[in-house]
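Understanding the architecture of this molecule
The primary structure of each chain is shown beneath.
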Amino acid sequence: ATWVIRRYAIQWRIFDRKTAQQHMPLLGGVAIYCTVTALVLFMFPVLVQGYLLPKHLVGIIVAGGVLMIGGILDDIKNLPPKVQLLFPIIACVIIVVSGIVIEYISNPFGGVWSLDQPQWRVFTYHGTPYHLTLWADVFTIGWLMVSMYTTKLLDGLDGLVAGIGTIGGVIIGLLSITALVQQPETAVVSFIFAGACFGFLLWNFSPAKMYLGEGGALLVGFMLGVLAILSGSKIATALLILGLPMLDLLAVAMRRIFIEHKSPFSGDLFHLHYQLRERGWNDRQIVLTYYIITASFG
């Protein structure tokens, strides 16, 4: 899929115009999305025999498609940040409507904090009720937005985000087949996603022949966030997998807001991977270090 999409990106002249790599084709995320969608649809009858419901898989596919549309538009027209933000928000709302929500948070002192109240039934479709659950929906949207923007802002070095997506997908897949979770269908979707990321990584590892693009960078964080919810609300696992990038995101955002007094969405070179490059590390050393930390935490 990457080989095919890359040819179209070159033919349509969809190149990276935000860095020095002026002729690097984008749309790598489209290759990952097409692969995941094709395999999920192919295995659809098997995947919906257990924990996963048809509306869950349809929601993931539709929400991912929204991210791809927004990403392609941004890669071509360089949309302003406020317009870029609309597509991830719409994708989050679609996920919530499809019934993928964080229903509880584990209490470190024992038990759980339930987020399933207050709840209102909005409508019923084909016998399936759809509810608005205030705190569960708010936490879910917030979690997915943080996940997406973590990988979006991390996407600065060849192979970094695709590699973390591969590692994260494998870890969540292995977690899903443990006796604690027992969700083989969720594991299959996780392994499909990991395999798609790895297939793209072969083209994206330094020196890269193709970039993820805006939609692809968001898609990796989106899928890891959704899979964490599906695998028994194992948000803590995803927090470990994305722990280093999330801490980096928090530090950079705090710096921009409180020290530089500018938008947290503005770009700069204060991310950890850029700082390591300034200190003489090459791109492969930085990326492999991130891989080791991510896999170790996972």
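Cut-offs used in this document
Residues numbered from 1 in each chain as written. Predicted model: local features only at pLDDT ≥ 70, side-chain atom pairs only at ≥ 80, totals over all residues. Heavy atoms only, no water. Salt bridge = Lys/Arg side-chain N within 4 Å of Asp/Glu carboxyl O. Helix = DSSP H or I, 4+ residues; strand = E, 2+ residues; numbered from the N terminus. Buried < 20%, exposed > 50% of the residue type's maximum accessible area, 1.4 Å probe, protein only. Phe/Tyr/Trp six-rings, centres within 6.5 Å; stacked < 30°, edge-to-face > 60°. Patch = residues over 30% accessible without salt bridge, like charges linked within 9 Å, V, L, I, M, F, W, Y side chains within 5 Å. Areas by Shrake-Rupley, 256 points an atom, 1.4 Å probe, with all protein chains shown as cover. Core = buried A, V, L, I, M, F, W, Y, C linked by side-chain atoms within 4.5 Å. Contact = heavy atoms within 4.5 Å. Polar contact = N/O pair within 3.5 Å; in protein donor to acceptor, adjacent residues only side chain to side chain. 1 Å grid on protein atoms, 1.4 Å probe; cavity = no way out; pocket = protein on both sides within 12 Å on 5 of 7 lines; lining within 4 Å. Points joined across faces, edges and corners; volume = space filled by probe spheres on them. Nonpolar A, V, L, I, M, F, W, Y, C, P; charged D, E, K, R; others polar. Axes fitted to C-alpha atoms, helices over the stretch in contact; angles between N-to-C directions. Parallel < 35°, antiparallel > 145°, perpendicular 65-115°, else oblique. Left-handed = near helix turned anticlockwise from the far one by under 90°. Disulfide = S-S within 2.5 Å.

A closer look at the pattern of salt bridges
Counted according to the given criterion, the structure contains two salt bridges. Close ionic contact of E214 with K152 constitutes a salt bridge, the shortest N to O distance being 2.8 Å. Here E214 is found in helix α9 (residues 213-230), whereas its partner K152 is found in helix α6 (residues 134-154), with 62 residues between them in sequence. This pair shows no difference in class: E214 is buried, exactly as K152 is.

Considerations on the packing of aromatic side chains
The relation between two aromatic rings is expressed through the spacing of the ring centres and the mutual angle of the planes. Under the criterion given, the structure shown has one aromatic pair. Aromatic pair Y8 and W12: ring centres 5.1 Å apart, planes at 40 degrees, arrangement tilted. For Y8, a relative accessible area of 38% corresponds to the partly exposed category.

As for a nonpolar patch on the surface
Judged by side-chain polarity, L250, M254, I257, F258 and I259 come together as a nonpolar surface patch covering roughly 510 Å² of accessible area. As for its position among the elements, F258 is in helix α11 (residues 243-259).

A few points about the nonpolar core
Membership of the largest hydrophobic core comes to 75 residues, with the highest contact counts inside it found for I32, W143, F193 and F222. Among residues more than four places away in sequence, those in contact with F193 are I32, V36, G165, G169, V220, M223, L224 and L227.

Section: the side chain of Q84
Residue position: Q84 is located in helix α5 (residues 81-97). At a separation of 2.7 Å, a polar atom in the side chain of Q84 contacts the main-chain carbonyl oxygen of L79. Those residues in contact with Q84 that sit more than four places away from it in its chain are D74, L79, K152 and E214.

Thoughts on empty space enclosed by the protein
Here the structure, examined in full by the defined rule, presents four cavities of 30 Å³ or more. Size it by volume and the largest cavity reaches roughly 70 Å³. Secondary structure elements with two or more residues in the lining of the largest cavity: α2 (28-42), α4 (54-77) and α9. Looking at the lining of the largest cavity residue by residue, the classes come out as 10 nonpolar, two polar and no charged.

Thoughts on the packing of helix α8 (residues 184-204) against α9
Following both chains from N to C, one finds α8 and α9 inclined at 165 degrees, their axes separated by 10 Å at the closest point. Taken as axis vectors, α8 and α9 run roughly antiparallel relative to one another. In this structure, the crossing between α8 and α9 has a hand that is left-handed. Here T186, V189, S190, F193 and C197 of α8 come into contact with α9, specifically with V220, M223, L224, L227 and L230. Counted by class, the contact of α8 with α9 contains eight nonpolar, two polar and no charged residues.

Some details on the environment of K82
Considering the arrangement of structural elements, one finds K82 in helix α5. K82 gets classed as exposed once you look at its relative accessible area, which sits at 74%. Measuring from C-alpha to C-alpha, the distance between K82 and I72 comes to 16 Å, with 10 residues separating the pair along the chain.

Things to note about the state of the cysteines
Taken as a whole and assessed by the stated rule, the structure comprises zero disulfides. Free of any disulfide, C92 has its nearest cysteine sulfur in C197, 18 Å distant. Of all cysteine sulfurs, the one in C34 lies closest to C197, which takes part in no disulfide; the gap is 13 Å.

Some points on unusual backbone geometry
Here S206 and P207 are connected by a cis peptide whose omega angle stands at -5 degrees. Counting through the fold element by element, P207 comes out in the loop between α8 and α9. Here L27, not a glycine, exhibits a phi torsion of approximately 75 degrees, which is positive. Here L27 lies in the loop between α1 (2-11) and α2. Residue L27 is classed as buried on the basis of its relative accessible area of 6%. Phi is positive for N78, close to 55 degrees, though the residue is something other than glycine.

Concerning the packing of helix α7 (residues 160-176) against α9
For the pair α7 and α9, the least separation of the axes is 10 Å and the interaxial angle reads 15 degrees. With respect to each other, α7 and α9 are oriented roughly parallel. Every pair of crossing elements has a handedness; the one defined by α7 and α9 is left-handed. On α9, the residues that touch V161, I164, G165, G168, G169 and I172 of α7 are V220, L224, L227 and A228.

Quick word on the environment of V226
Among the secondary structure elements, V226 is positioned in helix α9. Take V226: its relative accessible area is 0%, and that puts it in the buried class. Remark: the alpha-carbon pair of V226 and K262, spanning 36 residues in sequence, is separated by 30 Å. V226 has contacts with I60, I95, I100 and L144, leaving out every residue within four places of it along the chain.

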